[in-house]
Amino acid sequence: MSNILTKTTSMKTMSHREGGTWMRGLAHFVILITLFGSACDSGNDSVTADADDIAGVVSGPNGPEAGVWVIAETFDLPTRYAKIVVTNDKGQYLIPDLPEAKYSVWVRGYGLIDSEKQEVKPGATLNLTAVPAPDKRAAAEYYPAGYWYSLMQIPDKSNFPGTGPKGNGISPSIQNQAQLLRHLKSGTCLACHAIGTKGTREFQESMGEFESSVAAWERRLQSGQAGASMITSVSQMGQEAILKMFADWTDRIEAGETPEAPPRPSGIERNVVITQWDWADPKAYLHDLVSTDRRNPTVNANGPLYGALEVSADYVPVLDPMTHDTTRIPLTVRDPNTPVATGPDMPQPSPYWGDEPIWKSQTNVHNPMLDEKGKLWLTATVRSPQNPDFCKEGSDHPAAKVFPLERSYRHLAVYDPSNKKYTHVSTCFSTHHLMFAEDDNNTLWTSGGGQVIGWLDVKKFEETGDEAASQGWTPLILDTNGNGKRDEYVEPDQSVDPKKDKRIARGLYAVSPAPDGSVWGSSLGYPGALIRLEPGPDPVHTALVEYYELPLNENGEPVEGFSPRGMDVDRNGVAWVALASGHMASFDRRKCKTLNGPDATGQHCPEGWTFYTEPLPQMKGVDSPGSAEGSYYTWVDQFNTFGLGENIPINTGNESEALLALKDGEWVKLRVPYPMGFYTKWLDGRIDDPNAGWKGRGLWATISTRAPFHMEGGKGTTSKVFKFQLRPDPLAK
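These figures come from a predicted structure and were not determined experimentally.

**As for empty space enclosed by the protein**
Now for step 1: Overall, the coordinates contain 7 cavities of 30 Å³ or more when judged by the stated rule.
Now for step 2: One number sums up the size of the largest cavity: a volume of about 150 Å³.
Now for step 3: Along the walls of the largest cavity sit 15 residues, with Tyr110, Pro144, Pro263, Lys669 and Arg671 positioned nearest its centre.
Now for step 4: Among the residues making up the lining of the largest cavity, the classes are represented as 10 nonpolar, 1 polar and 4 charged.

Okay, structure coming up:
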């Protein structure tokens, strides 16, 4: 082009004949360049769709739209089905491997509003036009919930400790700002659903009219079967102050305040393919799903997915991802008088369901796992809470002799797909999560036992059917005398005796057996902790635990992160955990200078911790490290089931509406843009075909919010299964 400009500038010095000859040559040259350029552009911009693909280019007023989502959805299959991809730098997209059906296809992205839906079948090339948002408010409607949540004004540090109803309205039990954040995130609200979704940042018309937003929030928090729990939780934090805080938040949003804009997907985030299916029903909600054996992710290849409906309903939803069929496994209890997990009473009607009690489960299934045979194991209620005699004081059961148990509220069960048999396993200890160890007995470890950690010897149970003889439990004993073995111990309310061990009353929330035979778990609260159990040869009598709290400074304030929820461990024995502070943290025990002894009671290994701030803005009024995120769980991809590598920790990203994978210290955000409101409490990874490249691998998750009606679609929205896959590039087939 510089040569052309030079010749054009010097034309005045040419003769008429020379100029005419040159102009004719230039015209031919420009035509060739134009044709060549068009051919190049056509070759670069067009995308070839195979018979089961939809492909094309997304353009806006300023040219190609990079880093926006293209969504294809159909209702022609046995259940609703959708697939989502991201455009590359040139605005190109390719949605691969679509089942035969008619699809609605449209564009969604930051800075845009949804484009008009186009109807098309696989095999088509479909160019799409992106529609810029007319204003900031319209654009912000597509932001993740956490961006809206970050607008909440948290009382600054000068307000703590709270001074109660006659002071600043914050409960005196809330000693610092971090404790309040822990309650708002891990302790109450975010443990059940996101905050910042359209269903929470706006009031439903069915609620009626109120004198103030404070009154509206007080009414909202009494809604439905969870109403008593919600309003009680707010009262524990300080009802007056918390209601004002929430009312101020929604008032400012109603007045037009919007959050900062998120960045569009970039780099490897554009290689993600998300497939989704509907399952369960609109009145049910899920907690978890499972796809394979945690220890060997090739088990159940291409097989069904199983879900857990917790307090909502007594069935296991099942998805066959190959046929797109959904079915149900009915669940039972051993004792017909087993109470429902959540009763029908409600302080105020639900804005969505009125006076109808929609949660009716007796089994209260919380967490599913598959074993090496593809059997489905569940933490499930099988009877009323009162324990049988073999659990109690006076029993000759070895564990009952050490620590008798009077009651347990959730137990175990197993479903065998080969014969469709559902077997109850009555445990003396309560259960919450469960995970298999890598040992000869196929030991199934559980959390949720309160003052004990319980397990089932699955090998013995399958050989004998004796549920009493196959189970065991142990109290949590610290090796405070430092001799490496379990001895006589002092109780939790007694001071450390350097000559004895010490029992702690700190139960496990999560549980994760490590490759070295130890068992890790998280302990909730402030500052919260990780617990490592070394079973020894006879866990009932030999098990010892190590207790590692999140570090505090001399004033009892967090050094950085605080208050864990779900955790996992990698193949190297490093623990990874989601924190209410808006962090993922790792804890490497190998860095600890002290492991046992009289000082090993919690705050003895700050050097073991490393913190990674989750990628959301921080909340207003909070100047400490962290973000508005508060992920529910951390899961570690030990076997590269996704494609980022082995031992990749992934947070559930509940406020980001995304899975958050940490790769080499950097976040890879797997945002689910449709439907808005993605919120999961667990994920799983499976390898369907180790030789099929990216198509043979994937992560699986489900919608876990207790309020799917808060999501895009509102009332009638059902839970969904999501599969995340990572292509080598955004156009890979």
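Let's pick the thread back up.
**Re the pattern of salt bridges**
Now for step 1: Scanning the entire structure with this criterion turns up 40 salt bridges.
Now for step 2: A salt bridge links Glu462 to Lys373; its shortest N-O distance comes to 3.2 Å. Remark: Lys373 occurs in the loop between strand S16 (368–370) and strand S17 (376–380) and Glu462 occurs in helix H11 (residues 458–464); sequence separation between them is 89 residues.
Now for step 3: Measuring nitrogen to oxygen at the nearest pair gives 3.4 Å for the salt bridge that ties Glu488 to Lys500. In this pair, Glu488 is assigned in the loop between strand S23 (471–478) and strand S24 (489–490) and Lys500 in the loop between S24 and strand S25 (501–504), connecting sequence segments 12 residues apart.
Now for step 4: On the basis of relative accessibility, which here comes to 56%, the residue Glu488 falls in the exposed class.

**Examining the layout of surface pockets**
Now for step 1: As a volume, the largest pocket reaches approximately 720 Å³.
Now for step 2: His193, Ser223, Ala226, Met230 and His710 are, among the 34 residues lining the largest pocket, the residues nearest its centre.
Now for step 3: Of all the elements in the fold, those that place two or more residues in the lining of the largest pocket are helix H6 (198–201), helix H7 (213–220) and helix H8 (227–237).
Now for step 4: With 4 residues, H8 is the single largest residue contributor to the lining of the largest pocket.
Now for step 5: Taken together, the residues of the lining of the largest pocket sort by class into 17 nonpolar, 14 polar and 3 charged.

**Looking at H8**
Now for step 1: Within H8 the residues assigned to the buried category are Gly227, Ile231, Ser233, Val234 and Met237. The arc enclosing the buried residues of H8, seen along the axis, measures out at 155°, which places them on a common side.
Now for step 2: The elements touched by buried residues of H8 are helix H5 (177–187), H7 and helix H9 (239–254).
Now for step 3: At the exit of H8 stands Gly238, carrying a positive phi of roughly 120°.

**Observations concerning the sheet that holds strand S34 (residues 634–637)**
Now for step 1: One open sheet accounts for 4 strands, arranged S34-S35-S36-S37; its pairing is antiparallel. Strands at the two margins of the open sheet, each flanked by one partner only, are S34 and strand S37 (666–671). Taken over all neighbouring pairs, the strand axes of this sheet differ in orientation by 25° on average, direction set aside.
Now for step 2: As defined by bridge partners, strand S36 (residues 658–663) adjoins S37 across 6 bridges and the pair is classed as antiparallel. Directly across from Lys663, in S37, lies its bridge partner Glu666.

**Topic: the environment of Thr232**
Now for step 1: Within the element layout of this structure, Thr232 appears in helix H8.
Now for step 2: Of the residues examined, Thr232 reaches a relative accessible area of 40% and is grouped as partly exposed.
Now for step 3: At 2.7 Å, the side chain of Thr232 forms a polar contact with the backbone oxygen of Ala228.

**Quick look at the pairing of strand S38 (residues 683–687)**
Now for step 1: Where burial is concerned, most of S38 is hidden: 5 out of the 5 residues are buried.
Now for step 2: Neither face of S38 is open: one carries Leu683, Gly685 and Ile687, the other Asp684 and Arg686, and all of them are buried.
Now for step 3: Alignment of S38 against strand S39 (residues 697–702), held across 5 bridges, turns out to be antiparallel. Each bridged residue has a counterpart across the sheet, and for Leu683 the counterpart in S39 is Ala701.

**Concerning the packing of H7 against H9**
Now for step 1: At a minimum axis distance of 8 Å, the contact between H7 and H9 shows a crossing angle of 110°. Classified by the angle between their axes, H7 and H9 sit roughly perpendicular to one another. Between H7 and H9 the crossing geometry is right-handed. Of H9, the residues touching H7 (which contributes Ser213, Val214, Trp217 and Glu218) are Gln239, Leu243, Lys244, Phe246, Ala247, Trp249, Thr250 and Asp251.
Now for step 2: Its residues assigned to classes, the contact of H7 with H9 shows 6 nonpolar, 3 polar and 3 charged.

**Considering the state of the cysteines**
Now for step 1: By the definition in use, this model includes 2 disulfides.
Now for step 2: Between the sulfur atoms of Cys391 and its disulfide partner Cys428 the distance amounts to 1.9 Å. The S-S bond linking Cys391 to Cys428 shows a torsion near -70°; that makes this disulfide left-handed. Remark: Cys428 occurs in the loop between strand S19 (421–425) and strand S20 (434–436) and Cys391 occurs in the loop between S17 and helix H10 (398–402); sequence separation between them is 37 residues.
Now for step 3: Here Cys592 connects covalently by a disulfide to Cys605, the sulfurs 2.1 Å from one another. Linking Cys592 and Cys605, the disulfide has an S-S dihedral of approximately -95° and is accordingly described as left-handed. You can see Cys592 sitting in the loop between strand S32 (583–587) and strand S33 (609–613) and its partner Cys605 sitting in the loop between S32 and S33, a full 13 residues away along the chain.
Now for step 4: By relative accessible area, Cys592 is classed as buried at 12%.
Now for step 5: Each bonded cysteine in the protein gets a number by its place in the sequence, and the pairs come out as 1-2, 3-4.
Now for step 6: Looking at the unpaired Cys189, the closest cysteine sulfur is the one in Cys192, lying at 8.5 Å.

Criteria and cut-off values
- Residues numbered from 1 in each chain as written.
- Predicted model: local features only at pLDDT ≥ 70, side-chain atom pairs only at ≥ 80, totals over all residues.
- Heavy atoms only, no water.
- 1 Å grid on protein atoms, 1.4 Å probe; cavity = no way out; pocket = protein on both sides within 12 Å on 5 of 7 lines; lining within 4 Å.
- Points joined across faces, edges and corners; volume = space filled by probe spheres on them.
- Nonpolar A, V, L, I, M, F, W, Y, C, P; charged D, E, K, R; others polar.
- Salt bridge = Lys/Arg side-chain N within 4 Å of Asp/Glu carboxyl O.
- Helix = DSSP H or I, 4+ residues; strand = E, 2+ residues; numbered from the N terminus.
- Buried < 20%, exposed > 50% of the residue type's maximum accessible area, 1.4 Å probe, protein only.
- Arc of directions from axis to C-beta.
- Contact = heavy atoms within 4.5 Å.
- Pairing = 2+ DSSP bridges.
- Axes fitted to C-alpha atoms, helices over the stretch in contact; angles between N-to-C directions.
- Polar contact = N/O pair within 3.5 Å; in protein donor to acceptor, adjacent residues only side chain to side chain.
- Parallel < 35°, antiparallel > 145°, perpendicular 65-115°, else oblique.
- Left-handed = near helix turned anticlockwise from the far one by under 90°.
- Disulfide = S-S within 2.5 Å.

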